[in-house]
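Spelled out, the chains give:
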Amino acid sequence: MQKTQKTDQLMQYVQKEWKLLVLITITGLIYNIGLALFPYMEGQLAQCLSDILNFQADRKDMAVLVLIYIVVVLIVQLARFFKRLFVRYMANHINRRMKLVLYNHLIHTPISTFDLDAGSLLSRTLKDVDDCVEGIRKTVTEIFDTGIAMLSYVVTLCMYDWKLTLVAGIFPPLAFFFAQRMKKTVTSLEVQARKSRDLANQLVVDRIASLPSYRSAGCESNVDEHVSQAFDHMKTSVSKAQFAVVGISPVYRAICLLGMIFVFLIGIQRIQNGIWNIAVLTAYISCYTRVSLKTSKSAALFNAMTRSRVCWERIREKMHDVQDETHVPHPIRNIDVSIPVAYYDPTIPVLHDIHLHFEKGTITGITGRVACGKTLLAQILSGMHETQGSVMADGSPLSMYDVAYCTNRPQIFNDTILNNITLGKDGDIQQVLQDVCLDQETDLNQNAGEMGCHLSIGQQARVALARALYSGRSVLVLDDPFASVDTQTQKQILMTLKTRYNDRMMIIFSHRLDCFDRMDQVICIQNGTCVCGTHASLMESNTEYRTLVQLQCERVAV
Amino acid sequence: MKQKHRSVVFQAILAAVRSHPFSAVSMIVSIIGCIVAGLIPPLLMEQIINQILDGNMDVMGLCILWITISIAGCILEACREGAIIITGQHVLYHLRSALLNKLKVLDTAYFDQHGAGEISSIIISDTDSAGTVFTGGIVSMVADACSLIGILFVIGVKSTGLFLLVVCVLPLVALYTRKVQKKMLVSQKENRQAVSESAAILPETRQTYETVYGYQAQPYMEKRFDRTIEKGYAALRHVSFYDAVYSPVIVTVSSLLTGVMMCLIAGVTGMTALFGVSAGTGVALMTYITKIFDPIESLGKEIQAIQEAQAAFCRLNDFMALPEKRTSDTAILPYTHQIEMSHVSFGYTDGQPVLHDFSMSVDKGQHIIVTGRTGSGKSTLFALMQGMYEPQSGMILVEGRNPYGLSEKDRRELFGVVEQKTALIEGNLRVQLTLHRLEIHDETLVSALRTVGLYDWYTGLPDGLDTEKDQLQLSDGQLQLLSIARAIVCNPRILLMDEMNASIDASTEQMVNQALQKVAEGRTVISIAHRRNVFENETVIDLQSIAQMHGFPYNLTEMR
């Protein structure tokens, strides 16, 4: 995995792209400084045209001038192309890296905290990354296209006439300060607009979701009235906010244009005095217009920076890179369980007074009625669920990394069957495929589909079992592995498990009791606690177990 | 077909224009004004330069005019933006209102087949994209086309030569623009596909938590996630390239045009007449050349926006074309029982009848319990009584009226419904009880709360009836009580109670039963329940046995 030291520092991501940043700086400088040449060139073109028309210049002069003009254009636009390309590449790189770090964090977060990050929140976080990076891209772009460009324009203007520039130059900063003053208003309008939009959307969802209630209560008109009011309110506030965003920029430009009075006044005077010619005047005007245009957009620079900051703050706490540690699974000989009480919700105890013992090389079958707490026990035995009691493996607390746990509902990834079994670890899988009876019928490169939808439930269960066997762990906790596997296959698989995997400890939770007579130990969950024994002993002494077996025989008979 | 598809949006536009003619007119005026104001300053500049070159330095008047018109252009631009936004929002409002009004008349069956998410996305997102297309597509397309024509016209008048040059180059630029935009669209779609794939891995990780953690499959999952990111990234590189290349090429082309024009004016005898005769004209033309390609780029974007919104248009029109509730007669027939159902057959899908030739009658003040297994038609029976659906055959009368055609007012006076699963709606406690029926007084609400035994809870609330949904903190039992209170606020004559969740403890159950007994007094009550013996003298209908008696007309009075 990548070695990032400070993944929760925004600048780290930018600094990592220093090569691109250097290229961006070079091309950006060429482009934006070159831009300032244009007003000059255009002025020269106009002057030359005027000279030719007055027979003061040759046609060749024009040809040379045009040639120079076009070469400059080509260089500048080429630099511009590369600058744009590199900025976008940089943004893409940062985006990718951030998403990887984010996912890395996510995947190492314990489920209890992870659970709060429900679906929509997760995708919103990804959206935040996109927005944050888009903000970075805009910031970098604007630093050059606004910052450097403005600077080079102003330098050009000063070179022509610094006094005039000083006077006329008051207006662009004035417009800029006006823009900054307006920022607060704009933001608050945007917030209001978002609120009213959220409310209206919420009401629409509610209107439809609760439609039967409204309809049967005979109050659809009343609700619609209410929703309609929300639409109306949204219309007003969204209009205001949108106008504040796009409608104000022309006003800034208008403020800047006021400075043109001085440009014309002084410019014409200078031509009268013979200090300036027409080339200088046009160049100056063109340059000044560009400065005012840039000013009206300079607020974008600050907006982009703020937006990126805001998004970053939201995702920052999730941007810790966690190094993957690999635990080598220990071979476990004994597991001893002693739990006074276990539950999902402290007010509703599910299991109590559980005392169990498991040994290497044995198969234990665990059963009980529906909703008796089997899955909870399976989670405890796989080290997934923390309890008050002790679950000891050879004298030290059981680690989930020593257990291969097949969940009740097979957990299949939207990937090939091969990858679903190996989980990316190299090795020969033919043996395990054979052991779970998957070898003949399956194409290993077939995609399992979303949640395994391209496979039958029976296939899913066997893939999960193959995964558990392939992992090489010494303890296997299998929660209902044969639910959708036919009896014949089930017998065959169980036989293989017993003979080939006799060095493992197997704990099988099942409703299907026809194979329980082959288990070394049988546990029946009854009234929230466990009764241990063998199939024979429980048949004799435990009415609950006997009933379960009899019920199943009846069902099979039917 | 396409014509029909535009219709809802088109109607909304018409409605918006009709209700707010001022904003529509000012939109058109400001668009035209903007185009004109954009065309004039270069012409003035031409005059200024020509005058100066002629030695006439008294041009301050022209200069002031230039500044004034430029500023006016800015102001007009702001007005245009404002007018477009406001008109666009009006259109959006009318579009949404049209859809909202449609909801009320839609057949209930539609909501059984389509999820709330799906329908609300039509009302929220599809209208949004249709609205965006109106402002960002249709209106700006017209505006851009006009400004393109305007610039071409001025160039044509000022310089025939440049006009010919531009006319030659313009189609090429347009072709290039569309090509780049199409390529970008393809890559953007690829990227979006990859983004949704990587987004799908997030919930998957959550669902396969035990496997990922237990097997230490984190590196594997990270690799998979990276693969999807990589895919999107490859697509994005294409987007970046086209995005980066477009504008520099356009600027280069317009500069080349300038260069060629200058050379031709200066270099070829006789060309001066064709291109224009003064330096001022040269400067003006240079300004126009830089402006002429802007509308082309915008036009391309607008075409794309409209194309992309086609799907939304289709969904909107399909929604508006959905079959509506039939308006049935509202006549009051003579009746002997409060509720009469005779030979009613009904099924949600053809060939799968839920009720078959079912008959029953209920008298005023009767307390009836309906039982039967899941799927035996208990809830359907309720829905039919309330007139949510129309039976395929047979007749239902509630106090002599066909419930399907009941007015909202009659419905309130007749039925109070306690639902199987009560969900809180958006809004405060008052809204929870009134469901926005504003005419209900607060005293009525409080007395309803007292009746169901929620008065103590109510007095403990921070803002009384104004307490917001999130602060109500109701237990399951209290939610059921609230639902009962909601049913009785309009003092209905018939109470319909669907089976309520059994997930409440004994003491709460007692409270619920007490509340039920209280509200049942003097009313006809029909309830679906596992719970029995709430009411004295209750009559039990078992739909299961009726189904087995298939086709046997069932009359409650006879049963007694």
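**Some remarks on the packing of helix α2 (residues 7–19) of chain B against helix α11 (residues 279–320) of chain B**
Residue and element names in this part refer to chain B.
Phase 1 of the analysis: In the contact formed by α2 and α11, the axes pass within 8 Å of each other and the chain directions differ by 85 degrees. Relative to α11, the element α2 lies roughly perpendicular. On the side of α2, the interface is formed by Ser7, Val8 and Val9, while α11 contributes Phe313, Leu316, Asn317 and Met320.
Phase 2 of the analysis: Considering only residue class, the contact of α2 with α11 consists of 5 nonpolar, 2 polar and no charged.

**Side note on the packing of helix α3 (residues 21–53) of chain B against helix α4 (residues 60–105) of chain B**
Residue and element names in this part refer to chain B.
Phase 1 of the analysis: Packing of α3 against α4 leaves a shortest axis separation of 7 Å and a crossing angle of 155 degrees. When the interaxial angle is binned, α3 and α4 end up roughly antiparallel. The chirality of how α3 crosses α4 is left-handed.
Phase 2 of the analysis: For the contact of α3 with α4, the residue count by class is 21 nonpolar, 10 polar and 2 charged.

**Re the interface of chain A and chain B**
Phase 1 of the analysis: Taken together, the contacts link 102 residues of chain A with 100 residues of chain B.
Phase 2 of the analysis: Looking at the side of chain A that touches chain B element by element, the count peaks at 23 residues for helix α4 (residues 59–107) of chain A.

**Examining the sheet that holds strand β1 (residues 334–345) of chain A**
All names here are of chain A.
Phase 1 of the analysis: If you trace the 4 strands from one edge of the open sheet to the other, you get β2-β1-β4-β5, paired in antiparallel fashion. In the strand order of this sheet, the two ends are held by β2 (348–359) and β5 (396–397), each with one partner.
Phase 2 of the analysis: Examined bridge by bridge, β1 and strand β4 (residues 390–393) share 4 bridges and lie antiparallel to one another. Its bridge partner being in β4, valine 337 is matched across the sheet by valine 391.
Phase 3 of the analysis: Lying over the sheet, helix α13 (residues 374–381) contacts β1, β2 and β4, oriented at roughly 130 degrees with respect to β1.

**Regarding the sheet that holds strand β1 (residues 339–346) of chain B**
Residues and elements named next belong to chain B.
Phase 1 of the analysis: As summarised here, the arrangement of the 3 strands in space is β2-β1-β4, forming an open sheet in which the pairing is antiparallel. In this open sheet, the two edge strands, each paired with only one partner strand, are β2 (355–362) and β4 (393–398). Taken pair by pair, the neighbouring strands of this sheet meet at an average axis angle of 15 degrees, ignoring direction.
Phase 2 of the analysis: Direction of pairing for β1 relative to β2: antiparallel, over a ladder of 5 bridges. Counted as the bridge partner of phenylalanine 346 is leucine 355 from β2.
Phase 3 of the analysis: The strands touched by helix α12 (residues 378–386) are β1, β2 and β4; relative to β1, the strand with the most contacts, the crossing angle is about 120 degrees.

**Here we look at the domain arrangement of chain B**
Residue and element names in this part refer to chain B.
Phase 1 of the analysis: In terms of domains, chain B is made up of domain 1 (1–156 + 298–325), domain 2 (160–275) and domain 3 (339–559).
Phase 2 of the analysis: Taken together, the elements giving at least two residues each to the side of domain 1 that touches domain 2 come down to α6 (116–158) and α11.
Phase 3 of the analysis: In the side of domain 1 that touches domain 2, the residues fall into 2 nonpolar, 3 polar and 1 charged.

**Quick word on unusual backbone geometry**
All names here are of chain B.
Phase 1 of the analysis: Even without being glycine, aspartate 357 reaches a positive phi, approximately 45 degrees.
Phase 2 of the analysis: Within the secondary structure, aspartate 357 is located in strand β2.
Phase 3 of the analysis: Residue leucine 435 is not a glycine yet carries a positive backbone phi of 50 degrees.
Phase 4 of the analysis: Among the secondary structure elements, leucine 435 is positioned in the loop between α14 (429–434) and α15 (442–451).

Calculation criteria
- All residue numbers refer to positions counted from 1 along the written sequence of the respective chain.
- Chains carry letters from A onward and ligands carry numbers from 1 onward, assigned in written order.
- In keeping with the model being predicted, local features are shown solely for residues with a pLDDT of at least 70 and side-chain atom pairs are shown and tallied solely at 80 or more, while totals for entire chains, interfaces and linings include all residues.
- Here the axes come from fitting lines to C-alpha atoms, over the contacting stretch only for helices, and the angles between their N-to-C directions go from 0 to 180 degrees.
- Put simply, DSSP H or I for four residues or longer makes a helix, DSSP E for two residues or longer makes a strand, and each gets a number counted from the N terminus.
- With respect to orientation, any angle under 35 degrees is reported as roughly parallel, any angle over 145 as roughly antiparallel, any angle of 65 to 115 as roughly perpendicular, and every other angle as oblique.
- Residue pairs are scored as contacts if the distance between their C-beta atoms, which are placed from the backbone, is within 7 Å.
- Gly is put with the polar residues, along with every residue not named as nonpolar or charged; the nonpolar set is Ala, Val, Leu, Ile, Met, Phe, Trp, Tyr, Cys and Pro, and the charged set is Asp, Glu, Lys and Arg.
- When the near helix sits turned anticlockwise from the far one by under a right angle, the crossing is termed left-handed; a clockwise turn instead gives a right-handed crossing.
- When DSSP locates at least two bridges between a pair of strands, those strands are taken to pair.
- Here the bounds of each domain stem from an automatic or database domain assignment.

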